[in-house]
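Residue strings, one per chain:
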Amino acid sequence: MDANEKVINTFATRVRQMILQYEELRKENQRLTSLSEERAARIKELEEKNARIQHDYDTLKMTKMMQVTDGDIEVSRKRVNRLLRDVNKCITLLSEKS
């Protein structure tokens, strides 16, 4: 084998190696692209779920704020009555000093 044939064989071997590496990298790229698309879809799904849960939470919070129980009314009535007694006491004290 002369020098030219050795160079050509070496070149051909390296070209084949590069082609094999290219194929491996192409497959890896496809796998990673697919994985990236799956993750993006999952992220979108979770963001939508998060938005629904946030909306449900806000609705529940608003409902709780609007809901008035009998206990709340009774506590408020007692507080107002106590405040009225305090005001009446103050008025009485001011009247006596006059």
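Quick summary incoming for the structure in this document. Everything numeric here is computed off the predicted structure, so don't read it as measured data.

Applying the stated criterion across every chain, the model contains four salt bridges. A salt bridge links Arg 42 to Glu 45; its shortest N-O distance comes to 3.0 Å. Of this pair, Arg 42 and Glu 45 both sit in helix α1 (residues 3–66), three residues apart, which is roughly one turn of the helix. By relative accessible area, Arg 42 is classed as partly exposed at 44%. Close ionic contact of Glu 74 with Arg 77 constitutes a salt bridge, the shortest N to O distance being 3.6 Å.

Once that is clear, we can look at a nonpolar patch on the surface. On the surface, Phe 11, Val 15 and Ile 19 cluster together into a nonpolar patch covering about 290 Å² of accessible area. Along the polypeptide, Phe 11 turns up in helix α1. Given a relative accessible area of 59%, Phe 11 falls into the exposed group.

Our next topic: a positive patch on the surface. A grouping of Arg 79, Arg 82, Arg 85 and Lys 89 is seen on the molecular surface, where their side chains present a positively charged patch. Tracing the backbone shows Arg 79 in helix α2 (residues 70–97). Looking at Arg 79, the relative accessible area reads 47%, which means it is partly exposed.

Basis of the calculations
Residues numbered from 1 in each chain as written. Predicted model: local features only at pLDDT ≥ 70, side-chain atom pairs only at ≥ 80, totals over all residues. Heavy atoms only, no water. Salt bridge = Lys/Arg side-chain N within 4 Å of Asp/Glu carboxyl O. Helix = DSSP H or I, 4+ residues; strand = E, 2+ residues; numbered from the N terminus. Buried < 20%, exposed > 50% of the residue type's maximum accessible area, 1.4 Å probe, protein only. Patch = residues over 30% accessible without salt bridge, like charges linked within 9 Å, V, L, I, M, F, W, Y side chains within 5 Å. Areas by Shrake-Rupley, 256 points an atom, 1.4 Å probe, with all protein chains shown as cover. Lys, Arg positive; Asp, Glu negative; His and termini not counted. Charge placed at Lys NZ, Arg CZ, Asp CG, Glu CD.

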